[in-house]
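# Architecture at a glance
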Protein chains: 2
Amino acid sequence: MIYVKNKYIYVVSKIITSMTPVKPTCTTCANEQCIIKKNRLVGSMPEYLEKKNIVLCRKGKNFILEGAPVQGLYFVHKGKVKVAKTGLNGKEQIVRFASSGEIIGHRGFGAGQFYQISAVALEDSLLCHFSSALMYEMLQHTPSLTFDLMLFYAEELNRSETKVRKFAQMTVREKVIDSLLYINRKFGQYKNLLNVQLTRKEIADFAGTTEEQVIRILSSLKKEKLIQTQGKKIGIDNVLLLSSEISEHNFFLDS
Amino acid sequence: MIYVKNKYIYVVSKIITSMTPVKPTCTTCANEQCIIKKNRLVGSMPEYLEKKNIVLCRKGKNFILEGAPVQGLYFVHKGKVKVAKTGLNGKEQIVRFASSGEIIGHRGFGAGQFYQISAVALEDSLLCHFSSALMYEMLQHTPSLTFDLMLFYAEELNRSETKVRKFAQMTVREKVIDSLLYINRKFGQYKNLLNVQLTRKEIADFAGTTEEQVIRILSSLKKEKLIQTQGKKIGIDNVLLLSSEISEHNFFLDS
DNA sequence: CTCAAAACCTGCGAATCCGCAGGTTTTTTT
DNA sequence: AAAAAAACCTGCGGATTCGCAGGTTTTGAG
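Definitions and cut-offs
- Residues numbered from 1 in each chain as written.
- Chains lettered and ligands numbered in written order.
- Predicted model: local features only at pLDDT ≥ 70, side-chain atom pairs only at ≥ 80, totals over all residues.
- Contact = placed C-beta atoms within 7 Å.
- Helix = DSSP H or I, 4+ residues; strand = E, 2+ residues; numbered from the N terminus.
- Nonpolar A, V, L, I, M, F, W, Y, C, P; charged D, E, K, R; others polar.
- Near = placed C-beta within 6 Å.
- Least-squares fit on C-alpha atoms with pLDDT ≥ 70 in both.
- Pairing = 2+ DSSP bridges.
- Axes fitted to C-alpha atoms, helices over the stretch in contact; angles between N-to-C directions.
- Buried ≥ 20, exposed ≤ 12 C-beta atoms within 10 Å, placed from the backbone.
- Expected span 1.5 Å × (residues − 1).
- Core = buried A, V, L, I, M, F, W, Y, C linked by C-beta atoms within 7 Å.

## Some points on the interface of chain A and chain B
- Taken together, the 37 residues of chain A in the interface contact 37 residues of chain B.
- Going through the elements one at a time, strand S5 (92-99) and helix H6 (143-169) of chain A are the ones with two or more residues in the side of chain A that touches chain B.
- If one sorts the elements of the side of chain A that touches chain B by residue count, H6 of chain A sits on top with 20 residues.
- Partitioning the side of chain A that touches chain B into residue classes produces 17 nonpolar, 12 polar and 8 charged.

Okay, structure coming up:
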């Protein structure tokens, strides 16, 4: 391995990111909206939480394989993840994106013994892994956790059905705008650029169209000064202005 | 009211259908797959089950209004129902169909205080209504019911996300075929005709296309001897043959 | 810094899909 | 049984969307 200066710094920064705190615990975790934190399981039953595994997942690594036996579920401690289904003719459909505090692989429950989705890290990410057995144990011991998880599913279901409707009724332009707004809500912007590395293809796979169409729409939006770009990075100047086009005939719905 | 012979018989048969048994109870109910039955709540806590209301809902009646305050949830004791969301430009998107034993309005949980969907009876139907308070009471008292409801949501979520993918990737013809197969799975056939009264418009609103396209596809399918029609009724001769067209490049998924 | 690979962009022709318009058939009402 | 309403059907022009093909720019590795 060659220690070019830049690379060395990069590697060190990676180590710092992933290793500090060396082994994150639920007690010290900052993701307050995480379903584990919310249920105050931290104080009442640390014995369960110590059984979880911490996994460092490198960028691009596929840590949940569609069709593989369910291994339990993951929480994103820190990082960014895409969740996808491989569909007709092998075409990928990105179901959602997730960042710190969110659950991945929860569809494993109930839907048989195989994962219905695949999950890939969009950047180096730290994941908390709970085995199925551990989750079942926790759920059995804590009805309020089961109830919370149920509510979470209910909300996800609403979002998914809203998305069905969007796919059925929106034009490609609207779907792309809607996707950009979603990405903005999910990851935010840094220096006026969306704080995540996505290819046009990935945006297309999320929006339900093709790479070319996304590129065309982005070109138009740029000409109309609704967005600006720097390489593959995209920035939304005025979120309200961009959303006005789809909220006109819509009842403003999260996807 | 004029008692033409045919009409009279029709009315009487309606009364028989809706009034016998006079007041259906969970104990005598035949819907074994109902989540209440499955949890053996019938034996252990009849005091809850007596608090439910039985509602007779006439054909075409809108018993859940999108946007209205959540009033609890319904089970279809006997009958057929469509569940829809009003979407962009007032266009209706039919989310799913339901028949005996199925839950309606479960999305009321967690998703705020207003129904996200509307529900309309496709024929005279008998509904069991549980108030929100009653449901919360039952869920609190019976963790296994909460768990089962959670699993139910998980499966619904899978189905919904599969549908997102279909809408994103299928052609209109495929979506119509897929919808016909779904309707067949849900309601079955009687005398080689789908056992439910749906307009072409309703099929379109479910499949995510327009009435005209559905009519065109149905014409083609009829010419190709894949289906036959009698008035507005549709019959599928050979389910496997019809499904072969979409299962070729698909992994055979329920919607 | 240089080079190769990946990602991005654009034009164009074809395929698909939509919506109107007007006519026919079926269903429902009177 | 007749009339009215609803639902069904079809042709056609236009709009949208797609996918290929080939070129340009950006990114990342050495």
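Now that the structure has been shown, the text picks up again.
## Comments concerning the protein's contact with DNA strand C
- Of all residues adjacent to DNA strand C, which total 19 residues, the nearest are Thr-199, Ser-219 and Lys-232 of chain A together with Thr-171 and Gly-231 of chain B.
- Looking at the surface near DNA strand C, the element that brings in the most residues is helix H9 (residues 211-223) of chain A, giving 5 residues.
- Among the residues making up the surface near DNA strand C, the classes are represented as 3 nonpolar, 8 polar and 8 charged.

## Description of the relation of the copies chain A and chain B
- By a simple turn and slide, chain A fits onto chain B: the slide is 0.0 Å along the axis, the RMSD is 0.0 Å, and the turn is 180 degrees. What the rotation and shift describe, once combined, is the action of a two-fold rotation axis.
- Counting the interface residues of chain A, we find that 100% of their copies in chain B are interface residues as well, pointing to one common contact surface.

## Things to note about the protein's contact with DNA strand D
- Neighbouring DNA strand D are 19 residues, the closest being Thr-171 and Gly-231 of chain A together with Thr-199, Ser-219 and Lys-232 of chain B.
- Ranked by residues supplied to the surface near DNA strand D, first place goes to helix H9 (residues 211-223) of chain B with 5 residues.

## Thoughts on the sheet that holds strand S2 (residues 62-64) of chain A
Residue and element names in this part refer to chain A.
- Reading across from one edge, S2-S7-S4-S5 is the order of the 4 strands in this open sheet, with antiparallel pairing throughout. Since the sheet does not close on itself, it has two edges, and those belong to S2 and S5, each with one partner. Averaged over all neighbouring strand pairs, the angle between strand axes comes to 30 degrees, with direction disregarded.
- Where S2 meets strand S7 (residues 118-121), 2 bridges bridge the pair, whose relative direction is antiparallel. Residue pairing in the sheet places Asn-62 in a bridge with Val-120 of S7.

## A word on the pairing of S5 of chain A
Residues and elements named next belong to chain A.
- Burial of S5 is extensive: 6 of the 8 residues sit out of reach of the surface.
- With 7 bridges joining them, strand S4 (residues 80-86) and S5 adopt antiparallel strand pairing. Residue pairing in the sheet places Val-81 in a bridge with Ala-98 of S5.
- In this antiparallel pair of consecutive strands, S4 and S5, the connection spans 5 residues, and Asn-89 shows a positive phi of 55 degrees.

## With respect to helix H7 (residues 172-187) of chain B
Residues and elements named next belong to chain B.
- Here H7 is 16 residues long and its end C-alpha atoms lie 22 Å apart, about the 22 Å a rise of 1.5 Å per residue gives.
- Among the residues making up H7, those that are buried are Lys-175, Val-176, Ile-177, Asp-178, Ser-179, Leu-180 and Ile-183.
- One or two steps after H7, the chain reaches Gly-188, where phi turns positive at roughly 70 degrees.

## Some words on the nonpolar core
- Judged by nonpolar contacts, the single largest core of 45 residues is most densely connected at Val-81, Val-83, Ile-104, Ile-117, Ala-119 and Leu-127 of chain B.
- In terms of nonpolar packing, the next biggest core, distinct from the first, is built from 39 residues, Leu-73, Phe-75, Val-95 and Ala-121 of chain A among them.

## Quick look at the pairing of strand S3 (residues 73-78) of chain A
Residues and elements named next belong to chain A.
- Burial within S3 is extensive, with 5 of its 6 residues counted as buried.
- In terms of strand pairing, S3 meets strand S8 (residues 125-130) through 5 bridges, oriented antiparallel. Opposite Lys-78, over in S8, you have Leu-126 as the bridge partner.
- As paired strands, S3 and strand S6 (residues 103-104) are joined by 2 bridges and run antiparallel to one another. Paired with Tyr-74 across the bridge in S6 is Ile-104.

## Some remarks on the sheet that holds strand S7 (residues 118-121) of chain B
All names here are of chain B.
- One open sheet holds the 4 strands; their spatial order is S2-S7-S4-S5, and the pairing between them is antiparallel. Looking along the sheet, the strands with just one partner apiece sit at the ends: strand S2 (62-64) and strand S5 (92-99). Each strand axis lies, on average, 30 degrees off the axis of its neighbour in the sheet, ignoring direction.
- Against the sheet, helix H8 (residues 200-207) engages strand S4 (80-86) and S5, with an angle of about 100 degrees to S5.

## Digging into the environment of Tyr-190 of chain B
All names here are of chain B.
- One can find Tyr-190 in strand S9 (residues 189-190).
- Its 11 C-beta neighbours within 10 Å are what place Tyr-190 among the exposed residues.
- Placed 56 residues apart in sequence, Tyr-190 and Ile-246 show a C-alpha to C-alpha distance of 24 Å.

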